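The chain contents come next:
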Amino acid sequence: MSLTQKNWLDKLSYTEKGFKKYEQKQLIEFGKKAGFEDVRIKDIVKGKSFVVIYKK
């Protein structure tokens, strides 16, 4: 699954309501709390989209 940067989503009018937006740091912490030890962010389009890789 790819994700879109929060700062990019904030620029779009249709994401004002009903969208849950997370910072990359939050997604890393979610993974660590879930027991993943190796959590990485890889850019797909720098500044716009990325993927979070969770590994045990």
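Residues numbered from 1 in each chain as written. Predicted model: local features only at pLDDT ≥ 70, side-chain atom pairs only at ≥ 80, totals over all residues. Heavy atoms only, no water.

Let's talk about the pattern of salt bridges
Phase 1: The full count for this structure, using the stated rule, is four salt bridges.
Phase 2: With its nearest N and O atoms 3.0 Å apart, the salt bridge here joins Asp10 to Lys21. Placement of Asp10 in the loop between helix H1 (6–9) and helix H2 (24–33) and of Lys21 in the loop between H1 and H2 is noted, with a sequence separation of eleven residues between them.
Phase 3: Linking Asp43 and Lys46 is a salt bridge whose minimum nitrogen-to-oxygen distance equals 3.6 Å. (Salt bridge = Lys/Arg side-chain N within 4 Å of Asp/Glu carboxyl O. Helix = DSSP H or I, 4+ residues; strand = E, 2+ residues; numbered from the N terminus.)

Side note on the pairing of strand S3 (residues 49–55)
Phase 1: In this structure, strand S1 (residues 3–4) lies alongside S3, joined through two bridges in antiparallel fashion. Bridging across to S3, Leu3 finds its partner in Phe50.
Phase 2: In this structure, strand S2 (residues 38–45) lies alongside S3, joined through seven bridges in antiparallel fashion. If you follow Ile41 over to S3, its bridge partner there is Val52.
Phase 3: Two successive antiparallel strands, S2 and S3, enclose a turn made up of three residues, where Gly47 displays a positive phi of approximately 85°. (Pairing = 2+ DSSP bridges.)

Comments concerning the sheet that holds S3
Two orientations exist for strands paired in a sheet by backbone hydrogen bonds: parallel and antiparallel.
Phase 1: With antiparallel pairing, three strands are arranged side by side in an open sheet as S1-S3-S2. Of all strands in the sheet, those with a lone pairing partner are S1 and S2, marking the two edges.
Phase 2: Along the sheet face, H2 touches S1, S2 and S3 and points at about 145° away from the line of S2. (Contact = heavy atoms within 4.5 Å. Axes fitted to C-alpha atoms, helices over the stretch in contact; angles between N-to-C directions.)

Some points on the side chain of Gln5
Phase 1: Mapped onto the fold, Gln5 is located in the loop between S1 and H1.
Phase 2: The class for Gln5 is buried, based on a relative accessible area of 15%.
Phase 3: Those residues in contact with Gln5, other than ones at most four positions away along the chain, are Gln24, Asp43, Gly47, Lys48, Ser49 and Phe50. (Buried < 20%, exposed > 50% of the residue type's maximum accessible area, 1.4 Å probe, protein only.)

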